[in-house]
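The chain contents come next:
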Amino acid sequence: MKSENLDYFCSLFNQIFKYDNMSTTQAANSANFDIFSQLEAHDHEQVVFCQDKSTGLKAIIAIHNTVLGPGLGGTRVWHYNNDAEAFNDVMRLSRGMTYKAAISGLNLGGAKAVIIGDAKTIKTEALMRKFGRFVENLNGKYITAEDVNTTTRDMEYVNMETDHVVGLPESMGGGGDPSPVTAYGVYMGMKAAVKHAYGNESLNGKKVAVQGIGKVGGHLLEHLHKEGAQLFISDINEEMLAKYSKEFGATVVKGDEIYGLDVDVFAPCALGAILNTENIGKLKAKVIAGAANNQLADENVHGPMLVEKGIAYAPDFLINAGGLINVYQEHIGYNRETAMRNTEHIFNVTLDIFKDAAAKNIHTQKAATEMAEKRINDILKVRSTY
Ligand SMILES: NC(=O)c1ccc[n+]([C@@H]2O[C@H](COP(=O)([O-])OP(=O)(O)OC[C@H]3O[C@@H](n4cnc5c(N)ncnc54)[C@H](O)[C@@H]3O)[C@@H](O)[C@H]2O)c1
């Protein structure tokens, strides 16, 4: 590689979230490469690189913050274009977990793991168990769980090597699929946002558009239908659209048409970063409340834009925390009722966020982030003495 290309990469690598194609080994050869600046940028505590030739394991475990408790976050298997992309992803995701746990009142810190490779070919019992041994070596400072491209079966393999794993099947004393609990939390957050916008939490007769009717979206539809909401749905899965339009009398909407619908509530339950300038411009809904992670394309631009348009936005990482609340229960001794009761509390916290945001004249995502940071700082003071 030519030296100007190397310099170009390193300057990008030093700005967190912007990387170019190059292996970390090449980057490490550069005098400009400073991995600790990446850890310092968002105050990560520890990053562990795991390598095992015999199983083909290449994984990164990022522990962002453990002030509130052990770092809990799922393990994602993904075919990253390069190591830097994997590093970037795990750093961003682990930080997000810290905020989600903090605002949910859990005694958990934030962490995440990525395994690099194509899930269809790389995942074996040996690889997952080897990963489990790396998790075990962290002595409970990191607790793993399912994420994109990992299943309860994978967690069973991990569990053969370590107890520091949640998201196990109900037959093994775990909480099973967290999606119904996530959906219940989104429903609670939506009701709070509707109360804030319309003065009454009832969804009876309200028009709700749900984008993405997968595991979470599907369960959300059940709650909404039960309460008498009028439903509009969009998905790329025609089979699911047919199923739910029949089951709940939902109107099927094609692709991007969902943004311009004359509805009361828009629930993004598919993809992140869909709240951009163009889509926000089209929205007629007065409330946004959905499960998708990182819905705001640019928090600093689109958070204030929603306030300007008078749209009540229920922060994603607050209202989609039901799944995390569920696995936390597994960590302390699983009880479904307690998990649901604690998830119900999302209603009150969401209302508090709307009040706080209005009082401070800031957007709700910022208010939620500040509330999470405040809890971490408060508990840090509690733990300043033995
Ligand atoms: N499952 C959980 O407990 C949980 C917890 C927190 C956050 N989330 C987030 O909530 C979202 C949904 O999660 P899920 O578990 O239901 O996933 P899922 O894969 O079961 O469902 C996603 C649905 O979105 C659809 N979809 C994909 N692209 C689309 C598009 N362009 N337009 C419309 N629909 C599209 C898919 O076909 C699928 O039906 C994700 O962003 C996820 O990260 C899920």
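Calculation criteria
Residues numbered from 1 in each chain as written. Predicted model: local features only at pLDDT ≥ 70, side-chain atom pairs only at ≥ 80, totals over all residues. Helix = DSSP H or I, 4+ residues; strand = E, 2+ residues; numbered from the N terminus. Rg over C-alpha atoms; globule rule 2.2 N^0.38 Å. Buried ≥ 20, exposed ≤ 12 C-beta atoms within 10 Å, placed from the backbone. Contact = placed C-beta atoms within 7 Å. Axes fitted to C-alpha atoms, helices over the stretch in contact; angles between N-to-C directions. Parallel < 35°, antiparallel > 145°, perpendicular 65-115°, else oblique. Nonpolar A, V, L, I, M, F, W, Y, C, P; charged D, E, K, R; others polar. Domains from an automatic or database assignment. Near = placed C-beta within 6 Å. Pairing = 2+ DSSP bridges. Expected span 1.5 Å × (residues − 1).

1. A look at the overall build of the chain
At step 1: Broken down by element type, the chain carries 17 helices and 12 strands.
At step 2: Its C-alpha atoms give the chain a radius of gyration of 21 Å, within 12% of the compact-globule value 21 Å for 386 residues.
At step 3: For the chain, the spread of C-alpha atoms along the three principal axes comes to 60 × 50 × 50 Å.
At step 4: Counting the 386 residues in the chain, one finds 47% classified as buried.
At step 5: Here the analysis covers contacts within the chain between residues at least 6 apart in sequence; of these, 65% occur between residues at least 24 apart.

2. Focus: the packing of helix 4 (residues 83-103) against helix 17 (residues 364-382)
At step 1: Axis separation between helix 4 and helix 17 bottoms out at 8 Å; the angle between their running directions is 80 degrees. Taken together, helix 4 and helix 17 sit at an angle that is classed as roughly perpendicular. In this structure, helix 4 contributes Tyr-99, Ala-102 and Ile-103 to the contact, and helix 17 contributes Ala-368, Thr-369, Met-371, Ala-372, Arg-375 and Ile-376.
At step 2: Broken down by class, the residue content of the contact of helix 4 with helix 17 amounts to 7 nonpolar, 1 polar and 1 charged.

3. Topic: the domain arrangement of the chain
At step 1: Domain annotation of the chain identifies domain 1 (3-97 + 108-166) and domain 2 (179-375).
At step 2: Inter-centroid distance (C-alpha atoms) of domain 1 to domain 2 is 29 Å.
At step 3: Between domain 1 and domain 2, the residue contacts involve 6 residues of the former and 5 residues of the latter.
At step 4: Of the residues that constitute the side of domain 1 that touches domain 2, the class distribution is 5 nonpolar, 1 polar and no charged.

4. Quick notes on helix 14 (residues 322-332)
At step 1: Of all 11 residues making up helix 14, 10 are buried, and the element is well covered by its neighbours.
At step 2: Looking at helix 14, one finds that the buried residues are Gly-322, Gly-323, Leu-324, Ile-325, Asn-326, Val-327, Tyr-328, Gln-329, Glu-330 and His-331.
At step 3: Looking at the buried positions of helix 14, the neighbouring elements they touch are strand 3 (71-72), helix 4, strand 6 (142-143), helix 8 (179-198) and helix 15 (336-344).
At step 4: Directly beyond the C-terminal end of helix 14, a positive phi value near 115 degrees is found at Gly-333.

5. Some remarks on the site of the ligand
At step 1: Surrounding the ligand, one finds 24 residues, the nearest of these being Thr-182, Gly-212, Gly-214, Ala-270 and Gly-323.
At step 2: Elements supplying a minimum of two residues to the shell around the ligand: helix 8 and helix 9 (215-226).
At step 3: Residues of the shell around the ligand, tallied by class, amount to 10 nonpolar, 12 polar and 2 charged.

6. Concerning the sheet that holds strand 10 (residues 265-268)
At step 1: Strands sit in the order 9-8-7-10-11-12 across an open sheet of 6 strands; the sheet is parallel. Looking at the sheet topology across the chains shown, the edges are occupied by strand 9 (251-252) and strand 12 (312-313).
At step 2: Direction of pairing for strand 10 relative to strand 11 (residues 287-288): parallel, over a ladder of 2 bridges. When the sheet's bridge partners are listed, Val-265 is paired in strand 11 with Val-287.
At step 3: Of the strands in this sheet, strand 7 (207-211), strand 8 (230-234) and strand 10 touch helix 9, which is tilted by about 170 degrees from strand 7.

7. A closer look at the pairing of strand 1 (residues 46-52)
At step 1: Here 7 bridges tie strand 1 to strand 2 (residues 57-65), and the two strands are oriented antiparallel to one another. What sits directly across from Val-48, in strand 2, is Ile-61.
At step 2: From the end of strand 1 to the start of strand 2, which pair antiparallel, there are 4 residues, and Gly-56 there has a positive phi angle of about 80 degrees.

8. Comments concerning helix 6 (residues 125-137)
At step 1: Between its terminal C-alpha atoms helix 6 stretches 19 Å, which fits the 18 Å expected from 13 residues at 1.5 Å a residue.
At step 2: Residues of helix 6 that are buried include every one of Leu-127, Met-128, Lys-130, Phe-131, Gly-132, Phe-134 and Val-135, and no others.
At step 3: In this fold, the buried residues of helix 6 make contact with strand 1, strand 2, strand 5 (109-116), helix 5 (119-122), strand 6 and helix 7 (152-159).
At step 4: Of the residues trailing helix 6, Asn-139 is marked for its positive phi of about 55 degrees.

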